[in-house]
Amino acid sequence: AQSVAQPEDQVNVAEGNPLTVKCTYSVSGNPYLFWYVQYPNRGLQFLLKYITGDNLVKGSYGFEAEFNKSQTSFHLKKPSALVSDSALYFCAVRGEYGNKLVFGAGTILRVKS
Amino acid sequence: GAGVSQTPSNKVTEKGKYVELRCDPISGHTALYWYRQSLGQGPEFLIYFQGTGAADDSGLPNDRFFAVRPEGSVSTLKIQRTERGDSAVYLCASSSTEANTGELFFGEGSRLTVL
């Protein structure tokens, strides 16, 4: 069965500094990896995905993520954080032969001015 | 519609009552998912529809939970004999592809409170 670990409950970063939100996964076969963001009282919004190809994928709002197969990781990154990036971030994985998307517990990102 | 629509946005009920939650997916999306999100946790998979049929219902916690999608569009999640532990936000999502590479588009959820 697939699973996702987000080891940090919360990440704090100063505005303008780079940010990283960590994610590791476990799945049979090739992974399909996703990042979603959730603002208060809103639904989840898709940020980016890795299916195949280049290990560095770029997504919405300047976010990017790096797939590392040997470390089974898919960390979310942004070169320069904005206060408006403050939200709850979820990493998710599905296997290449399945349709069930499994989410991590989420990481709260707080960007302070 | 432009996005996934869920109704009601909030539902308060008493223990033991029956509840229905409705999801209207993005037009043309064949795949539909239900998730449950409890406070401080990530979304938990409940059931996945491909068209009218439930392709994977392995996440339904027990036989009090049931979901239908009779015409391959709107779906209803039904909870019988509600318990306080059923309180959560129920999320619906849809996707345009049968392949599992597409992202899911989520509604804003139905918050269920069982007193």
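Quick caveat: nothing in here was measured; it's all calculated off a predicted structure.

Visitor: Whenever I open this one, the pattern of salt bridges confuses me. Can you help?
Guide: Close approach of charged atoms allows side chains with opposite charge to pair. Throughout the structure, instances matching the rule amount to eight salt bridges over all chains. Close ionic contact of E103 of chain B with K49 of chain A constitutes a salt bridge, the shortest N to O distance being 3.1 Å. Placement of the pair is E103 of chain B in the loop between β9 (88–95) and β10 (105–106) and K49 of chain A in strand β6 (residues 44–50), with the two residues belonging to separate chains. The exposure class assigned to K49 of chain A is partly exposed, which follows from its relative accessible area of 30%. It is possible to trace a salt-bridge network through shared partners that takes in R64, E83 and D86 of chain B.

Visitor: What am I meant to see in the nonpolar core here?
Guide: Nonpolar side chains tend to gather and get buried jointly when the protein is soluble and globular. Formed by 27 residues in total, the largest nonpolar core has its most connected members in W35, L47, L48, F74, L76 and Y89 of chain A. Of all the secondary-structure elements, those providing two or more residues to this core are β2 (10–14), β3 (19–21), β5 (31–38), β6, β8 (64–68), β9 (73–78), β10 (87–95) and β12 (107–112) of chain A. Beyond its immediate sequence surroundings of up to four residues, L76 of chain A is in contact with L19, T20, V21, W35, L47, L48, F63, E64, A65 and Y89 of chain A. V4, C23, I26 and C92 of chain B belong to the second-largest nonpolar core, a separate cluster that totals 20 residues.

Visitor: Would you mind going over the environment of D57 of chain B with me for this structure?
Guide: Residue and element names in this part refer to chain B. Inspection of the secondary structure assignment puts D57 in the loop between β6 (53–56) and β7 (65–68). When the C-alpha atoms of D57 and L39 are compared, they prove to be 23 Å apart, with 18 residues separating the residues in sequence. Apart from the residues within four sequence positions on either side, D57 is in contact with L46 and I47.

Visitor: I'm lost on the interface of chain A and chain B in this one. Help?
Guide: When the parts of a complex come together, some accessible area is lost, and that lost area is often used as the size of the interface. Residue-level contacts link 23 residues of chain A with 22 residues of chain B. With both sides pooled, the region where chain A packs onto chain B buries about 1700 Å², and carbon together with sulfur makes up 50% of that total. Its largest share of buried area at the contact with chain B, chain A owes to L44, N99 and K100 of chain A, together 30% of the area lost on that side. Applying the counting criterion to the chain A and chain B interface returns two salt bridges. On the surface where chain A and chain B come into contact, there are seven residue pairs in polar contact (both at pLDDT 80 or more). Those elements giving two or more residues to the side of chain A that touches chain B turn out to be β5, β6 and β10 of chain A. Of all the elements, β5 of chain A adds the most residues to the side of chain A that touches chain B, at four residues.

About the criteria used
- Residues numbered from 1 in each chain as written.
- Chains lettered and ligands numbered in written order.
- Predicted model: local features only at pLDDT ≥ 70, side-chain atom pairs only at ≥ 80, totals over all residues.
- Heavy atoms only, no water.
- Salt bridge = Lys/Arg side-chain N within 4 Å of Asp/Glu carboxyl O.
- Helix = DSSP H or I, 4+ residues; strand = E, 2+ residues; numbered from the N terminus.
- Buried < 20%, exposed > 50% of the residue type's maximum accessible area, 1.4 Å probe, protein only.
- Core = buried A, V, L, I, M, F, W, Y, C linked by side-chain atoms within 4.5 Å.
- Contact = heavy atoms within 4.5 Å.
- Buried area = accessible area lost by both parts, 1.4 Å probe.
- Polar contact = N/O pair within 3.5 Å; in protein donor to acceptor, adjacent residues only side chain to side chain.

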